[in-house]
Amino acid sequence: MGGVDVGSEGGKKRATNSDINMIPFIDLLMVTIAFLLITAVWVTNSRINADAQVPGPPNPTQELTPATPEKVLNLHIGDSDFGLVWKQGATVVSEVRVPKTQVEVGDGSNKIVRYPDLAKKIEEEWKQQGGHRDPSDRKLDQCILHSDNRTPFKEIIAVLDALYAPKREMKLPDGNKQVPVFNMTFSVR
Amino acid sequence: MSELFTRKHKNPHAHVIHKPGRRLMMHVPLRFVFNKVMGHGARGTNAGLNLVSFIDFLIVTVIFLLMSFSASGEIGVDKNVKLPKAENAEDIIDAPMVAVNGNQILVDGALAGSTRAIEELGRMQKIDELFNMLKNKRELWKQVQPGKPFPGVVILQVDQDVSALVVKSVFQTAAFAGYPNVSFMVGKLPSSQ
């Protein structure tokens, strides 16, 4: 802005107005922003739980009592359909087949396969057959995944994503939390 | 003063050199100064830039980035591993990392076996090198933290094209080495609901 120099008598009186130079401050802000943008974490990864049920050595002090085996969901990945088989010990309680209708999400080379129908059916099956429903029950229903050895890992993840879609409330020490209804493990055969 | 700039009467003494000193703007012998003083000036050629809003923008951006800044950074993903994506996944935790790309098995960046032997054999098997490394890690953890229960958690970073046979073999080897709680690292998909 223009101004008028009112002059000073022999330079004795200090000017009453002084301008603050904002240029270094703007430089500082821009360098800070550049640093934070370069070091920012843009990609977030998550995890899907699985559990290997490794049998441990028997406890000699514990009396062996015959316990009623719990119902376990066996999820078979087939070529054209999925098999949902509830077993209690060696007894097959129910068996349902779900067609393998995949839905592709994304575009180009980033297409992701999902199975929404499988997720819905798993939820229905759990509502009918699931044993652990109460929020105070900290145990989860077990699911054993049977897949061909040649199945690519991305398909297994798509199936796991469908398996972990149904959730229930669980009371935890730090408050109520929505947890998946199933805990998955792989079948060895 | 106006006689300086009239076309009819020219003052022969208008451009005489005067002694230096203070003078009123009306007596500056320049037409544009005279016009400005008289109120007939043209628009100034300099335009002032209002930087206040720009500085506000920079400050808000810095505050936002500072609040989302994470000093611990991201958990490194092996560059040869392309992770599959899933929606129903949980937050990542700090645990030993086993990466499986097309050919190699790595534990926290160190080579721990090859996938070729598993694929050639065609059946699930225990991977000795991986087993030994994970077992040593477990022993070391117990020595460092003797009073605490061992969590037994390991994270698998598996490339999306790796076969189920390799995944099962790694999974089972980790379980037998004392890591029964396995988590698969995936990319996060936004919620579809």
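Up top is the structure these notes are about.
Bear in mind that the values here come from a model prediction, so they are computed numbers and not experimental data.

Residues and elements named next belong to chain A. Strand order in the open sheet formed by five strands is β4-β3-β2-β7-β10, and the pairing between neighbours is mixed. If you trace the sheet from one side to the other, it starts and ends with β4 (91–99) and β10 (182–186), each paired once. On average, adjacent strands in this sheet sit at an angle of 25° to one another, irrespective of strand direction. Note that strand β7 (residues 141–146) and β10 share five bridges and pair parallel. Within β10, the residue paired with Leu145 across the bridge is Phe186.

In this assembly, 46 residues from chain A lie in contact with 52 residues from chain B. When the two sides are added together, the surface that chain A and chain B hide from each other amounts to roughly 4,400 Å², 65% of it contributed by carbon and sulfur. Between chain A and chain B we count three salt bridges in total. Lys154 of chain A is the partner of Asp161 of chain B in a salt bridge, and the nearest nitrogen-oxygen pair spans 3.5 Å. Where chain A meets chain B, there are 20 residue pairs in polar contact (both at pLDDT 80 or more). For the side of chain A that touches chain B, the secondary structure elements donating two or more residues are α1 (23–39), β1 (45–51), β6 (112–114), α3 (153–163) and β10 of chain A. In terms of residue count, the dominant contributor to the side of chain A that touches chain B is α1 of chain A (nine residues). Split into classes, the residues belonging to the side of chain A that touches chain B amount to 26 nonpolar, twelve polar and eight charged.

Turning our attention to the packing of helix α4 (residues 128–144) of chain B against helix α5 (residues 164–176) of chain B. All names here are of chain B. Between α4 and α5, whose axes approach to 9 Å, the crossing angle comes to 35°. Crossing hand, α4 versus α5: right-handed. Across the interface between the two elements, Leu130, Phe131 and Leu134 of α4 pack against Val170, Thr173, Ala174 and Phe176 of α5.

Note: most peptide bonds trans; most residues except glycine with negative phi. Phi is positive for Asp108 of chain B, close to 50°, though the residue is something other than glycine. Take Asp108 of chain B: it is sitting in the loop between β4 (104–107) and β5 (110–114).

Another point: the nonpolar core. Counting residues in each nonpolar core, the largest one holds 58 residues, and the members touching the most others are Leu75 and Leu160 of chain A together with Val98 and Phe184 of chain B. Top element by residues in this core is α3 of chain A. It accounts for eight residues. The residues touching Phe184 of chain B, leaving out its near neighbours within four places in the chain, are Ser46, Arg47, Ile48, Ala50, Phe153, Ile157, Leu160, Met184 and Phe186 of chain A together with Leu156, Val167 and Phe171 of chain B. Core analysis: the next-biggest nonpolar cluster, separate from the first, contains eight residues, Leu29 of chain A together with Leu58, Val62 and Leu65 of chain B among them.

The rules behind the values
- Residues numbered from 1 in each chain as written.
- Chains lettered and ligands numbered in written order.
- Predicted model: local features only at pLDDT ≥ 70, side-chain atom pairs only at ≥ 80, totals over all residues.
- Heavy atoms only, no water.
- Pairing = 2+ DSSP bridges.
- Helix = DSSP H or I, 4+ residues; strand = E, 2+ residues; numbered from the N terminus.
- Axes fitted to C-alpha atoms, helices over the stretch in contact; angles between N-to-C directions.
- Contact = heavy atoms within 4.5 Å.
- Buried area = accessible area lost by both parts, 1.4 Å probe.
- Salt bridge = Lys/Arg side-chain N within 4 Å of Asp/Glu carboxyl O.
- Polar contact = N/O pair within 3.5 Å; in protein donor to acceptor, adjacent residues only side chain to side chain.
- Nonpolar A, V, L, I, M, F, W, Y, C, P; charged D, E, K, R; others polar.
- Left-handed = near helix turned anticlockwise from the far one by under 90°.
- Core = buried A, V, L, I, M, F, W, Y, C linked by side-chain atoms within 4.5 Å.
- Buried < 20%, exposed > 50% of the residue type's maximum accessible area, 1.4 Å probe, protein only.

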